[in-house]
Structures are given as structure tokens and as C-alpha cells.
Amino acid sequence: MTTRWSRRGFLTASTASALALTVPVPAAGTAAAAEADEFATLRAKWRTLVLGEGFSPTAEPFKSRLAELGSTANELRAAMAPAPGSLWPDLVYADPEPDADQQSYGYSGNMHASYGRLHTLALAYSRPGTGLTGNSTLRTAILTGLDHLYTDVYNENRARYGNWYSWQIGAPQALLDVCVLMYDSLTAAQVAHYCSAVDHFVPDSAVASYTGTSTGANRVDLCRVLALRGIVGASAAKVALARDALSPVFPYVTSGDGLYSDGSFVQHTTVPYTGSYGSVLLGGLGMLFALLNGSTWAVTDPNRQIVFDAVETAWAPFLYNGLVMDSVSGRAISRGLSAADAQQIQQDDHLRGHPVLASIVLLGQGASAAENARWRGLVKGWLQRDYYSPPMNDPALALPQLSRLKSVLDDTAVTPVAEPNGHRLFPNMARATHRKPGWAASLSMADRRITYYETGNGENLRGWHTGSGMLYWWGDTFANGQYSDAFWPTVDPYRLPGTTASRKVLADAAGGDWGASLPDVNWVGGATDGQRAAIGQYVKGLQSTLLAKKSWFFLDDTVVCLGAGIRCTDGTRVETTVDNRNLGPVGNAPFTVNGATKPLAYPWSETLTGARWAHIGGHGGYVFPGGATVKALREARDGRWSDINKGGSTTVLNRKYLTLCVDHGTDPAAATYAYLLMPGATAAQTGARADAMGWLTVLANTDDQQGVAVPSLGFTGVNFWFGGTVGSLVASDPCCVMIQERGDGRAVICVSDPMRMRTGLTLTWNRAVASVTSKPASVTSATTGSSLRLTFGDLRGTAGATQRVTVRLG
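Residues numbered from 1 in each chain as written. Predicted model: local features only at pLDDT ≥ 70, side-chain atom pairs only at ≥ 80, totals over all residues. Heavy atoms only, no water.

A. Structural view of the overall build of the chain. Tallying secondary structure elements over the chain gives 17 helices and 33 strands in all. Whereas a compact globule of 810 residues would reach a radius of gyration of roughly 28 Å, the chain reaches 28 Å, a difference of no more than 12%. Expressed along its principal axes, the backbone C-alpha trace of the chain runs to roughly 85 × 60 × 55 Å. Counting only residues that meet the buried cut, the chain has 62% of its 810 residues in that class. For the chain, the exposed surface amounts to about 26,600 Å²; the carbon and sulfur share of it is 53%. If you average the places of the 66 positive and of the 65 negative side-chain charges in the chain, the two averages end up 4 Å apart. (Helix = DSSP H or I, 4+ residues; strand = E, 2+ residues; numbered from the N terminus. Rg over C-alpha atoms; globule rule 2.2 N^0.38 Å. Buried < 20%, exposed > 50% of the residue type's maximum accessible area, 1.4 Å probe, protein only. Areas by Shrake-Rupley, 256 points an atom, 1.4 Å probe, with all protein chains shown as cover. Lys, Arg positive; Asp, Glu negative; His and termini not counted. Charge placed at Lys NZ, Arg CZ, Asp CG, Glu CD.)

Here's what the structure looks like:
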């Protein structure tokens, strides 16, 4: 018998209805009695957080979930067989060669998983409706298991091996949860033993400095362990330490792990992680804020408001129709079905998104009334729009999270909030999101501070090119399963949508673990007015000689994509993947080029010469200004989760893909491309855009500058890789410029220094300007008249952020 819980699963599983506790209160002294009462109160609060509240165990979906929990617990109890080196025969934790290699990671993971199973048993014992509630045989099994693991492996005399996480976070979190749930059945000696084990593996020094594995989400996890250790063992000092050790998590950071003022969230120093570690951080803080609120140890640090603000600045931009975008989920994208358990619930962007929504609801309980009301409206909107993976049917969602989300859905006073309309740029993690009526997109890049991709623990072995300009997109009522439906194990990893990559064969985990490999480039970023944007990336290939300049101009119904200066000497082909759509197991979406329908057969391929536009039914359209030669292919691709994650299932999956790519040939010297992506457009709309020859003007597409103008929108965007002249703009040095002319005689000029190296910059716009109505402090002088001349001072401290100037046109 195996368990379905993942490495991070214990945190989300440990959120759920409380049975009453009878806690003995010392008779000696009022102060001691009061303190004991407070610990008892905190244990009761944690039970409620872990077990859930406000749901009926006889109503769906809770009735079925509780029955399933009882069935699973029965199987686990029957399979338990305490022996030296294991508690369950299939989870041997005795390591014959204890060290920190991959094999030892497996053994330590089995120890962690053993505590996780005891956690499952304790939930079945404590929750109503499981058929095992209060069962004495089950209670005996849980206590036997706790004592066996303490005596055999997790005690104050053992040295850890394998993964530090198993010893300092995974196992102690599950152990302490079980201690709270079974507290009235534990002897004082048992409590003392388990607390001593936790003290050994998670000493106070674990949070002494905000470095290494004690930052961001990991720090919150460690604080949870310390707080529960203090509550179970009646140590006020431990609870106070946990509360105080949270404070370094709150302030904005300017490098490394944590939250940035632009909404970025980074973990492991170089990895954008809003959707994975960020979810853990948000959920952990929500739990601890709720636990300690109103107690002697309430979290009162005023900087906690930064976390509340981040709900809308950091997490909301990456949530769409209930999913959390894969662009900020790191190696978690490779976690599908496990090799150890064919019944394990597959992870995907929706199933990662749902716990984030539940955490926002919980966090709202400690926020202002206005914030709480606004967040509940956001969550209700996301819940109602998740047609692809309805959260109430989410088999991986812990029961307390399920109850929180259902409370929002059932609350008639909450009005669902629509998806926002606008653009968000995150320079500190080289990401961007774009939302317009009917669709949303996300862009992933890499630079000297942000890794190409993260691999580690044998996970995400082929995510090599996810940071090379991968452009994700979804429709409001279509294609929400694009990256959920076995995309990652079946997609061609050299043809990720939007990327320019060499076909040079890369080894699994190329570049090193934990985001170690960073491209030696500075020019990555852009400028936005909050609605439209100009973004650029100087690409250097991973373990490749590939170089390319890539630009994206995000507009209302279109993303204009340019590439130039594409060169490589790998001795292999170089391709720009216009798109690579996952058409599911059947793959019968029609494909039209210049109005002619192409075959539905698999496999099929054709080199399309003179392609002006193409359209994929049910997805969207593509326009190639001036015509282009594009390779199109339909292919049925086999893949296994084990191909990209060593712990993944070996079951072969098959998905159909329709790929459009520009073949730059072998060892190109100065290749280019240009195309328009139109998410959700019909074939007629796509063809009309192709026929509208004057709609778009490509101002430049060279190794020095790339820029476009769309006169009907009043939009101009230019990426100056080097200073120079493009159209009516003259820049003295590298920069990004976006100009939005409005219909009321005003214009907004948005400028950024993506390289973070400019000590000065002069920008001239050869357009009559009557006056400057607002400008940032970075503008040291502004001259108006027949042209506008802006002089910027030192931009190195702006961290690539947009400098916004508004003017009245002459």
C-alpha cells in the first residue's frame, strides 16, 4: 500500500473539523494554569485549522471525501507492519549507506512518507464521517506507529541523511500535527520524546540567520514546526521564537529569496516560484496568522501588511480561471503521476492553483474587511470560471481548503470579480503577464539573476528552454487545459511555444541543479503603461552558442513577436517555435493556411511558403507580415512522466500536437522572424488582420534595434539593444521605450533600463510636445517644442522598472 501525498502534500493535506479535546490543567498556580489554558486553546485552534470547519460530513463533496479517507486509513492500518528499518514494508527508511546522494533522498523520503501515513490515520480518527472516528484499534495503531518511528529512526540520537527537508520540515510537520490530533491519548513521556526528536533535528539555530534553506517558504515551514513544537510541548519560548523568526520573511528584498516590490517572488536564489514555494509561503503564513491571532504570541509585525498587499500584486497576476501559471512553478511542472503509486493524483496548473485560492481565503480572515471582501470576490470569480478543473471536484484539495472555497461559492453576499484587463511586468524575476478580454498570456525569460530553469531531486529534467522566451496563453472559455493535459511529458522540449532554440541535444538536467545555470546577459525586461507593453530578451542558449534578440509587443488582441540577430555554431538546426498547441488525445482541430484547410492526418508536415496567415480552430490565429516560410506539422507524441521526473510514472501517454515553427537552418548567421499571435481570433479575423497591410509597421528588426508602430492604437514600442534611431525615436544608449498616444491629446512615454547599467540616458521623440505634465525623479530635464527631449539621470537603482512620463501633445 502506498500513499498519494507528494513532498509538499503534507502541508496542504494538513488543513481540516475539530473534535473536543480534554486537556489536563495543572493545579499549581494561576499563572501556570493560565499558560496551560492558552496552549490548550492553541491546540484546539490548530485542530480546527487541520481538520476543517463549517461543513456537513453528510453533504457532498465532503461525504465522499470522508468515506475515501476512512477507506484509505483502513488499508494503511492493515498494511502497517513495524520492523527494524520500516513501519510499512514498502517504505523502507533504513539507509545502508547514509549520505546525501539520490538514493539516500529516497530513504529519507520514505521516513517522511511514513509520518505522512500516520497523519492520514490521525485525520481518519479525528474527523467525523470516516467510519473510523474515535476507533480504538486505529488509535492503538497510530500510537504504535509514533513510538516505532521515534525508537527506530526519528530521535535525538540519530543523524540525518538524504534530504534535509524530510528531517526539518516534512516529518516534523506531520509528527506534530498527529501529536495535536492525538494529544489526549499521549503520555507525558511520549510528548517529551517526540519534542526531543524535533529539537534535535530542528534546533533554534535553524532560524538563527535568514540564509540558505531558512528563507522564504522554507523559513515559514520551519516556523510552523517551531510553533507547533512549542504548543505541543508547552514552551512559550519556542512559540515566541517561531513568531519572531517570521519577521525576516515580510520585508521586500532586492536580491535572492523573497518578495520584491514589483510583485516578484523568488526561491532558491534564482527561480521564480510564486506558484509553488510561493503557494507554500502563502498557505503557511495564513495558517500561522490564524493560529496565533488573539494569543500572547500574535503576529503584530507591521511588515506583515506586505504579505497582504502581495495577494493582489504577486499572486493574483498569475492566477487565471483557477489555475496558477506554470511560468512561476519551477520544477513542480514535472510532477505528474508517481512511479510509486498509480492512483496518485496528477498535479497540474489547476490543482496547484486551487490551494492558492484557499490560502487567500484563509489569509483574508486576518486582513482588513475591505481586503477580505475584495479577495473573496476574486476567489469566487476564479472558482466559477474554472470549467476545465472545477475546484469542488479537485481530488487533491485538502478538506479544510475545500470547505473554505465552498463557503465562498455559497456566500450570496460575494459578487464574483472578473479577470482584470491589463499588463504586469516583473523585472526582478524576468516574467510578464498580459490579460485582455477573452484571453491571458505569460512570458518566461532568463538573465544573469534568473535561471534558465530549475532541476533538482531528479525533477524537471528537460525544462532547459522554458526561460528562452516561452509564451504561454489561455482563452477565457477555451484551452485552459493546454498545459494541464500531459503537456510536459509529451511536448517536444526543444519546441516550446515562443522560444528560439538550438536543436543541439542536451543531457537531462543540463546546466546543474537548483537553478545554478544563468545566462550571461543583462538586457532582459521592458516597459509598460499597465495596459500594453514592449519587452525584449537577449537570449544565450543553454550549453549552446545560440544568440538571439527577441521582442514582444503586447497589445489588445495581439502579441507582435520579432526576432533578429539569430546566430549559432552548434552544427545543428535552430528554430523559433511560433506555437506548439496540445490538441489532446484526439487532435482533430482544423488547421487553415491562407484560407486553405490542411489535412487532419497524423503524422503530417508541410513547409508553407508564402504563408500570410494561419489559424487553428478553437485556439487562435497567426499572421506573418509580408509572408513567411513556416514549417507546420501534426504529430502524435508519446511520453512518460518518468522521462522528466525520476519519481514519475512509467505509463506511456500520447497527445496530439500542431506545431508551427520557423526553421532558421543549421548554424544561422543573422536570421530573423516576425509574426503576430492572435489568441481566440477566428479564421476570418485572422485573415482580415493579414489583409490590413497598414495596421502594423515594423520599424526595425535588426541586431541593434527592434520596434513596431500600430497607428490605429497610437502605439509605438522600441527595444534599443544599442543606442540609435528608430522611426521618430532617438536613444543615446540601450533602453526600452513604449509610447501610447491617447485620443485626448496626451501621450504616455514609458522608458526602462533593462540592463540596470545606465548612469545617464537621453531620449528624443521627434513629435511636437506642448508640455510635460508629470515625470519621475529619474528625469533630470525635459525639453518640449517641435520635439521632446528627455534626459534621465542614474537609472541603475530603478531595478529595470518603468519610468513613466506624461505629456500634452503640441
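Here the narrative resumes.
B. Representation of the sheet that holds strand E32 (residues 788-792) in the model. On the basis of which strands lie adjacent, the open sheet formed by five strands has the order E25-E26-E29-E32-E31 and antiparallel pairing. The sheet terminates laterally at strand E25 (724-726) and strand E31 (779-783), the two strands that pair on one side only. Looking at each pair of strands side by side, their axes are set apart by 15° on average, direction ignored. Pairing analysis gives three bridges linking strand E26 (residues 729-731) to strand E29 (residues 761-765), with the strands arranged antiparallel. (Pairing = 2+ DSSP bridges. Axes fitted to C-alpha atoms, helices over the stretch in contact; angles between N-to-C directions.)

C. View of the sheet that holds strand E1 (residues 258-259). On the basis of which strands lie adjacent, the open sheet formed by three strands has the order E1-E2-E3 and antiparallel pairing. The open sheet has two free edges, formed respectively by E1 and strand E3 (271-272), since each of these has just one partner strand. The pairing of strand E2 (residues 265-267) with E3 spans two bridges and is antiparallel. The partner of Gln-267 across the bridge, within E3, is Val-271.

D. Looking closely at the packing of aromatic side chains. As enumerated under the stated definition, the model contains 27 aromatic pairs in all. Taken together, a centroid distance of 4.9 Å and an interplanar angle of 90° make the contact between Phe-487 and Trp-488 edge-to-face. Taken as a pair, Phe-487 and Trp-488 share a single burial class, namely buried. Of the aromatic side chains, those joined through ring pairs into one cluster are Tyr-320, Tyr-472, Trp-474, Tyr-483, Phe-487, Trp-488 and Tyr-657. Over the face of the ring belonging to Tyr-538 we find Lys-549, whose NZ or CZ atom lies 5.1 Å from the ring centre. Geometry around Trp-473 places Arg-581 over its ring, the cationic atom sitting 3.7 Å from the centre. (Phe/Tyr/Trp six-rings, centres within 6.5 Å; stacked < 30°, edge-to-face > 60°. Lys NZ or Arg CZ within 6 Å of the ring centre and 35° of its normal.)

E. Structural detail: the side chain of Ser-444. Mapped onto the elements, Ser-444 comes out in strand E8 (residues 439-444). Apart from the residues lying within four places of it in its own chain, the contact partners of Ser-444 are Ser-327, Ala-430, Arg-431, Thr-466, Gly-467, Ser-468, Gly-469, Met-470, Tyr-472 and Gln-537. (Contact = heavy atoms within 4.5 Å.)

F. Local environment of the pairing of strand E33 (residues 803-809). Most of E33 sits inside the fold, with five of its seven residues counted as buried. Relative to E33, strand E30 (residues 769-774) runs antiparallel, the two sharing four bridges. The partner of Ser-771 across the bridge, within E33, is Arg-808.

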